[in-house]
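Residues per chain, in single letters:
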Amino acid sequence: MIIYRSRVLDTPDDPFTGGVLRSDGDAGIAVERSVIVDRGDFRAVAARHPGAEVVDLRDGVLLPGLVDTHVHYPQIRAIGGLGMPLLDWLDQCALPEECRLEDPAYAGAVAREFLTGLTSAGTTTALVFGSHFHDAVDALFAEAEKVGVRMTAGLVTSDHNLPEPLLSTPERSYKEGRDLADRWHGRGRLRYAVTPRFSYSTTPDMLASGAALMADVPGLWFTSHMNENPAEIAAVADLFPGSAHYLDTYHRHGLITERSVLAHNAHPTDEELTLLAGSGASVAHCPTSNSALASGSFPLRRHLDHGVRVALGTDVGAGSGFSLFKEGLQAYFMQQLLMGDGVPLTAVHLLHLATRAGAQALGLDDVGDLSVGKQFDAILVRPEAGQPLDVCLRRAETAENALAKIFSLGTAADIARVWIGGEAPVIPAAIPAG
């Protein structure tokens, strides 16, 4: 058993419905075989477990591991393509890079870079958009298993409106997806998600193929894009003339359930929000991507008013990096700019969106906060002495103020340690050993 002694901040209860920040200035968190078995005042916890090893982390702030609900594995090298709307950015930046993953050696290198970026930023759980190529997705799962990250991912499927190397057929997509799901779904910390790129690049037959895979392999997840950009929405309406709205292109195939996460949804109709809430599906809000591509301001208030679950995604590579601290800060900025139509977010809301809300969106009850019975997925924020975040944290007047400083100033460089199930991710030279 190990007792971690630290200042601990987390949000086990939803602040959007009255929950508050749980703050312990000198906490003891006892961990045995990856699970938190006790938590409380350090001296009380230590007294209950005499002889346990004590790891003193009082020079930092312990937070739950971060949860990214939308990020693209093939796009790490495409980060920084600014100045274009969605469809132009895809054609000029993302899709040419994604074509390169047809080469297994290239795909393996990108997988290692991707997982280094992900875990170095403190992300311990992620819903990952995979590749259009079977072997590239297989490489991603293999590397994720070595690293130890909690990951849900899948083969990206499309059968028109993309470059030819990225196209498949419904039959081939089912066969390749079934092979990957049979190999990886439920293996350790890994799960499989049916992943059509978006309705703009998938015919009804391709969507039906994904639905068949979900019916044949119990417990699979579903993820795709929706309502990201007005031009995209108009194009989808033309391609699916019989659909009531964008969400209906997925829903009519039975793809929208409590195991569905839709990215963006910057321009939803009320009917779509009602359907999302009724089905228990979640939305991945990707604020830096929405801003970089001028996709629109996320209507968080409308989602909350309809009862739709919302979490954060980085959307690498349209998003500007792997840091969920940055995404939280950008979410705050965008809601501020919406003024009366926005939601006045606090740092407590941001922590919840980056941790517990993401875990709930992914159906993971054993991560997302640092309560007894949960897996010890955690990060230690400990900036270098004298750096701005260090200076500000030492002068924070309250726990919530300290958290606000972390979201305002925190970067991957300020994350000193990462634990997933009580162990450090296995990436040499990326993160210090746990």
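As the structure is a prediction and not an experimental result, all values here were calculated from the model.

Topic: the overall build of the protein
The secondary structure content of the protein amounts to 16 helices and 15 strands. Relative to the 2.2 N^0.38 estimate, which gives 22 Å for 434 residues, the radius of gyration of the protein is 21 Å and therefore close to what a compact globule would have. Projecting the C-alpha coordinates of the protein onto the three principal axes gives extents of approximately 65 × 50 × 35 Å. By residue count, 60% of the 434 residues in the protein fall in the buried class. A separation of at least 24 residues holds for 75% of the contacts in the protein among residues at least 6 apart in sequence. For the protein, the accessible surface area stands at approximately 15700 Å², while carbon and sulfur atoms represent 52% of it. Taking the 34 positively charged and 53 negatively charged side chains of the protein as two groups, their mean positions are separated by 7 Å.

A short note on unusual backbone geometry
Omega for the bond connecting valine 316 with glycine 317 falls within 30 degrees of zero, at 10 degrees, which places this linkage in the cis form. Relative to the assigned elements, glycine 317 resides in the loop between strand E13 (309–312) and helix H12 (324–337). We note that alanine 294 has phi near 55 degrees; this positive angle belongs to a residue other than glycine. Locating alanine 294 in the fold gives a position in the loop between helix H10 (287–292) and helix H11 (300–306). On the basis of relative accessibility, which here comes to 63%, the residue alanine 294 falls in the exposed class.

Focus: helix H3 (residues 104–120)
Spacing of three or four residues puts side chains on the same side of an α-helix, whose turn is 3.6 residues. With 17 residues, H3 should cover 24 Å at 1.5 Å per step; its first-to-last C-alpha distance of 24 Å lies within 8% of that length. Buried within H3 we find Tyr106, Ala107, Gly108, Val110, Ala111, Phe114, Leu115, Gly117, Leu118, Thr119 and Ser120. Here the buried face of H3 lies against strand E5 (66–72), helix H2 (86–99), strand E6 (123–129), helix H4 (134–147) and strand E15 (415–419). Two to three positions downstream of the cap, the backbone nitrogen of alanine 105 sits 3.0 Å from a side-chain oxygen, assigning the N-cap of H3 to aspartate 103.

Details of the sheet that holds strand E2 (residues 22–32)
Spatially, 6 strands are ordered E3-E2-E1-E4-E14-E15 in an open sheet, and the strand pairing comes out mixed. Only two strands of the sheet have a single partner each, and these edge strands are strand E3 (35–41) and E15. Strand-to-strand twist across the sheet, computed as the mean angle between neighbouring axes with direction ignored, equals 35 degrees. The sheet contact formed by strand E4 (residues 53–64) and strand E14 (residues 378–381) spans 4 bridges and is antiparallel. When the bridges of E14 are listed, proline 64 appears paired with alanine 378. The strands touched by helix H16 (residues 399–409) are strand E1 (2–10), E2, E4 and E14; relative to E1, the strand with the most contacts, the crossing angle is about 85 degrees.

A closer look at the pairing of E1
Summarising burial for E1: 7 of the 9 residues are buried, a large majority. In terms of strand pairing, E1 meets E4 through 6 bridges, oriented parallel. Opposite valine 8, over in E4, you have leucine 62 as the bridge partner. The pairing of E1 with E2 spans 8 bridges and is antiparallel. Within E2, the position partnered with isoleucine 3 by the bridge is alanine 30.

Concerning the nonpolar core
Ranked by size, the top nonpolar core spans 104 residues in total, and within it Tyr73 and Tyr250 carry the most contacts. With sequence-adjacent residues up to four places away left out, tyrosine 250 is seen in contact with Phe198, Ser199, Leu207, Phe222, Ser224, His225, Met226, Leu255, Ile256 and Leu262. With 15 residues, the next largest nonpolar core counts Ala27, Val31, Ala378 and Leu380 among its residues.

Observations regarding the packing of H4 against helix H5 (residues 170–184)
Between H4 and H5, the shortest axis-to-axis distance is 10 Å and the interhelical angle comes to 15 degrees. The pairing of H4 with H5 is recorded here as roughly parallel in orientation. The way H4 lies across H5 gives a crossing that is right-handed. Of the residues in H5, those touching H4 at His134, Val137, Asp138, Phe141, Ala142 and Glu145 are Glu176, Asp179, Leu180, Arg183 and Trp184. Across the contact of H4 with H5, the residue classes tally to 5 nonpolar, 1 polar and 5 charged.

A few points about the pairing of E15
Every regular strand shows the same layout, with side chains that alternate between the two sheet faces. E15 sits mainly inside the fold: 5 of its 5 residues count as buried. Where E14 lies against E15, 4 bridges are found, and the strand directions are antiparallel. Within the sheet, the bridge partner assigned to valine 381 lies in E15 and is isoleucine 415.

Overview of the packing of H5 against helix H6 (residues 204–216)
For the pair H5 and H6, interaxial distance at closest approach is 9 Å and the crossing angle is 30 degrees. Taken together, H5 and H6 sit at an angle that is classed as roughly parallel. Judged by the sense of rotation from one axis to the other, the crossing of H5 with H6 is right-handed. Contact residues: Pro170, Ser173, Tyr174, Gly177 and Arg178 in H5; Asp205, Met206, Ser209, Ala212, Leu213 and Asp216 in H6. Its residues assigned to classes, the contact of H5 with H6 shows 5 nonpolar, 3 polar and 3 charged.

Description of the packing of aromatic side chains
Scanning all chains against the criterion turns up 12 aromatic pairs. Relative to phenylalanine 376, the ring of tyrosine 4 lies with its centre 4.6 Å away and its plane at 10 degrees, an arrangement referred to as stacked. One end of the pair, tyrosine 4, is in strand E1; the other, phenylalanine 376, is in the loop between helix H14 (356–361) and E14, with 372 residues separating them in the sequence. Of the residues examined, tyrosine 4 reaches a relative accessible area of 3% and is grouped as buried. By relative accessible area, which is 0% here, phenylalanine 376 ends up buried. Look at phenylalanine 141 and tryptophan 184: their rings are 5.5 Å apart centre to centre, the planes differ by 10 degrees, and that puts the pair in the stacked class. Of this pair, phenylalanine 141 sits in helix H4 while tryptophan 184 sits in helix H5, and the two are 43 residues apart along the sequence.

Observations concerning the pattern of salt bridges
Considering all chains together, one arrives at 26 salt bridges under this definition. Salt-bridge contacts for arginine 58 lead to aspartate 56; the nearest nitrogen and oxygen are separated by 2.6 Å. Arginine 77 is the salt-bridge partner of glutamate 113, the closest N and O atoms lying 2.7 Å from each other. Of the two residues, glutamate 113 sits in helix H3 while arginine 77 sits in the loop between E5 and H2, which places them 36 residues apart along the sequence. A single salt-bridge network, built from bridges that share partners, covers Asp10, Arg22, Asp24, Arg39, Arg356, Asp369 and Lys374.

Conventions and cut-offs
- Residues numbered from 1 in each chain as written.
- Predicted model: local features only at pLDDT ≥ 70, side-chain atom pairs only at ≥ 80, totals over all residues.
- Heavy atoms only, no water.
- Helix = DSSP H or I, 4+ residues; strand = E, 2+ residues; numbered from the N terminus.
- Rg over C-alpha atoms; globule rule 2.2 N^0.38 Å.
- Buried < 20%, exposed > 50% of the residue type's maximum accessible area, 1.4 Å probe, protein only.
- Contact = heavy atoms within 4.5 Å.
- Areas by Shrake-Rupley, 256 points an atom, 1.4 Å probe, with all protein chains shown as cover.
- Lys, Arg positive; Asp, Glu negative; His and termini not counted.
- Charge placed at Lys NZ, Arg CZ, Asp CG, Glu CD.
- Expected span 1.5 Å × (residues − 1).
- Polar contact = N/O pair within 3.5 Å; in protein donor to acceptor, adjacent residues only side chain to side chain.
- Pairing = 2+ DSSP bridges.
- Axes fitted to C-alpha atoms, helices over the stretch in contact; angles between N-to-C directions.
- Core = buried A, V, L, I, M, F, W, Y, C linked by side-chain atoms within 4.5 Å.
- Parallel < 35°, antiparallel > 145°, perpendicular 65-115°, else oblique.
- Left-handed = near helix turned anticlockwise from the far one by under 90°.
- Nonpolar A, V, L, I, M, F, W, Y, C, P; charged D, E, K, R; others polar.
- Phe/Tyr/Trp six-rings, centres within 6.5 Å; stacked < 30°, edge-to-face > 60°.
- Salt bridge = Lys/Arg side-chain N within 4 Å of Asp/Glu carboxyl O.

Functional significance is not addressed by these values, which are geometric in nature.
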